[in-house]
Amino acid sequence: AITVAVTMNWTNSLTGYWINLAAVSVCDIGFILFVLLPKRIAVFPGIVGPIIWLLGVAFSTAGVMALR
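What you see is a predicted model; the values in this text were computed from it and never measured.

Caption draft 1: Geometry of the overall build of the protein chain. When its secondary structure is counted, the protein chain shows three helices and zero strands. Helices (α) and strands (β) of the protein chain occur, in sequence order from the N terminus, as α-α-α. Relative to the compact-globule value of 11 Å for 68 residues, the protein chain shows a C-alpha radius of gyration of 14 Å, a clear excess of over 25%. For the protein chain, the spread of C-alpha atoms along the three principal axes comes to 40 × 20 × 15 Å. Taking all 68 residues of the protein chain together, the buried fraction comes to 18%. Across the protein chain, contacts joining residues at least 24 apart in sequence account for 33% of those joining residues at least 6 apart. Surface summary for the protein chain: the accessible area is close to 5,000 Å², and the carbon and sulfur share equals 79%.

Structural data, given as structure tokens:
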């Protein structure tokens, strides 16, 4: 995700946006399903990452829509 962000998203590539959205979403949804829901870690510190992911999705989508 970092490599795509540096190489593609830096230049406002729509393809880079979709690649990063898919890659990071798969990782965070997997984390929620397999770590948070089975309560392998406490909810409070564990939910911070998914909240930041949701904020990132919202703001980056708004940014992409503003450029188009």
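After that view, the rundown keeps rolling.
Caption draft 2: Here's a closer look at unusual backbone geometry. Phi is positive for N12, which is not a glycine, with a value near 60°. Along the polypeptide, N12 turns up in the loop between α1 (2-7) and α2 (14-36). Judged by its relative accessible area of 47%, N12 is partly exposed. A positive phi is found at K39, a non-glycine position, where the angle reads about 60°. If you trace the backbone, K39 turns up in the loop between α2 and α3 (43-67). Residue class for K39 comes out exposed when judged on its relative accessible area of 66%.

Caption draft 3: Highlighting the confidence of the model for the protein chain. On average, the protein chain scores 94 in pLDDT, and the residues at 70 or more come to 100%. Mean pLDDT across the secondary structure elements of the protein chain bottoms out at α1, with 92, and peaks at α2, with 96.

Caption draft 4: Structural view of α3. When the terminal C-alpha atoms of α3 are compared, their 36 Å separation across 25 residues agrees well with the 36 Å that a helix rising 1.5 Å per residue should span. Largest kink in α3: about 25°, centred on G49, with the proline P50 one to four residues after it. Residues of α3 that are buried: G46, P50, W53 and V64. Tucked inside the fold, the buried residues of α3 contact α2.

Caption draft 5: Geometry of the environment of Y17. If you trace the backbone, Y17 turns up in helix α2. Since its relative accessible area comes to 9%, Y17 is described here as buried. Between the alpha carbons of Y17 and V57 there is a distance of 9.8 Å; along the sequence they are 40 residues apart. Sequence-distant contacts of Y17, that is, excluding residues within four places in its chain, are made with N9, S60, T61 and V64.

The rules behind these values
Residues numbered from 1 in each chain as written. Predicted model: local features only at pLDDT ≥ 70, side-chain atom pairs only at ≥ 80, totals over all residues. Heavy atoms only, no water. Helix = DSSP H or I, 4+ residues; strand = E, 2+ residues; numbered from the N terminus. Rg over C-alpha atoms; globule rule 2.2 N^0.38 Å. Buried < 20%, exposed > 50% of the residue type's maximum accessible area, 1.4 Å probe, protein only. Contact = heavy atoms within 4.5 Å. Areas by Shrake-Rupley, 256 points an atom, 1.4 Å probe, with all protein chains shown as cover. pLDDT = per-residue confidence, 0-100. Expected span 1.5 Å × (residues − 1). Bend = angle between axes of the 7 residues up to and from the residue.

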